[in-house]
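# Architecture at a glance
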Amino acid sequence: MDWEHAVTVVRPGWERRHGAAGRCAAHDLPDRVAMVATSWDLTVLGPLATGWESVVVAVHDVSGQPGVLKCRPPADPGTRREAVVLTRLASPGLVPLIASAPDEGVLWLGRVVPGHALSQELDDQAAVDAWCQVASSLPRVVPDPEGTGASTAPFPTLDHQLGALEVWQATLSKGQGRLAQWVVAVAHRLAASTRDPSLLHGDLHDENILAAGGGAFYAIDPKGVWGDPAYEPACFLMNRWMRSSGPSERMAGALAERLLLDGGRVLGWTLVHTALSLAWSQEDDGVAAPATDSRWTLLRHGARFIGGWKA
Ligand SMILES: Nc1ncnc2c1ncn2[C@@H]1O[C@H](COP(=O)(O)OP(=O)(O)O)[C@@H](O)[C@H]1O
Ligand SMILES: [Mg+2]
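Residues numbered from 1 in each chain as written. Chains lettered and ligands numbered in written order. Predicted model: local features only at pLDDT ≥ 70, side-chain atom pairs only at ≥ 80, totals over all residues.

## Regarding the site of ligand 1
Taken together, 20 residues surround ligand 1, and among them Ala49, Gly51, Ser54, Val56 and Asp221 come closest. Elements with a contribution of two residues or more to the shell around ligand 1: β1 (43-50), β3 (66-71) and β5 (106-110). When grouped by side-chain class, the residues that make up the shell around ligand 1 number 10 nonpolar, 5 polar and 5 charged. (Near = placed C-beta within 6 Å. Helix = DSSP H or I, 4+ residues; strand = E, 2+ residues; numbered from the N terminus. Nonpolar A, V, L, I, M, F, W, Y, C, P; charged D, E, K, R; others polar.)

Written out as structure tokens, the structure is:
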């Protein structure tokens, strides 16, 4: 991938979110990377990948150790937030943060080699094994018991994120509205009965877990959210089930057992996350997802598993 391609891919999103500052950040990116790399004594090999909101550039240090620079616009608060969560959740299953330059929008991370995403693993059992290996290595970070609400900053709480469901639900047609109402009630029940909120990776789906060879895996791209540990598998299960034959109680149960979580809560949060994903897409795109969207199919099937919903 060359610079021109990388910049062309991220420019529209950076401009949408940050206006003129986003456009400049895209234009200046190669110079900004060169400047930061020089200050860290790194050799720049070139853009490796583009993500949802970033350009990831391959580098190596003076001893030849491979690394990446994850680059966002300097105005994006996501860089600082990712640096904090990488530090608080540091563990053998999480990509190491080596240094950060938040004012430049750049993080220096270890490079995962070969770095194939877990989404390429077609066997569900092998994918669950890898997911559990990574998730069980993350430390359990709880809010400061002496602290006030401020101790959870700079991360949102899951309760706060659920607010997006209310807006979404109000915009739906009658049929979808009934299913949405049901899933919102599930969300409130799960939130109200959460006993031990912890700091979660918050985006641990199978595109954000990379293979390092020899059976080792690393999580990348943590978002940081305070919530029920049973929420952590939700985006992983949603993605897998959307691509395969649909929801599997057995898969949720096996994963929950390995992580000492409640299988019913894991399944419930997966449906709630599916609804959240529909709500976030609607916020971003300005239009509702069609009824044929595979997330609606997953919601309808999943709802039958946990009862209370008759189509
Ligand atoms: N530490 C890393 N080692 C190897 N590849 C990486 C690393 N971090 C990111 N990547 C690559 O860059 C892509 C985007 O990175 P990611 O952190 O997920 O960005 P975004 O927040 O934009 O989704 C990943 O899908 C992966 O291909
Ligand atoms: Mg990502």
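After presenting the structure, the write-up continues.
## Things to note about the sheet that holds strand β2 (residues 55-60)
An order of β1-β2-β3-β5-β4 is seen for the 5 strands of this open sheet, with the pairing classed as antiparallel. Unpaired on one side and paired on the other, β1 and β4 (97-101) mark the two borders of the sheet. Each adjacent strand pair in this sheet contributes to an overall mean axis angle of 25°, direction not counted. Across 6 bridges, the pairing between β1 and β2 is antiparallel. Its bridge partner lying in β2, Gly46 is registered against Ala58. Against the sheet, helix α1 (residues 3-39) contacts β1, β2, β3, β4 and β5, and its axis sits at roughly 155° relative to β1. Set on the sheet, helix α2 (residues 78-88) makes contact with β4 and β5; between it and β4 the angle comes to about 155°. (Pairing = 2+ DSSP bridges. Axes fitted to C-alpha atoms, helices over the stretch in contact; angles between N-to-C directions. Contact = placed C-beta atoms within 7 Å.)

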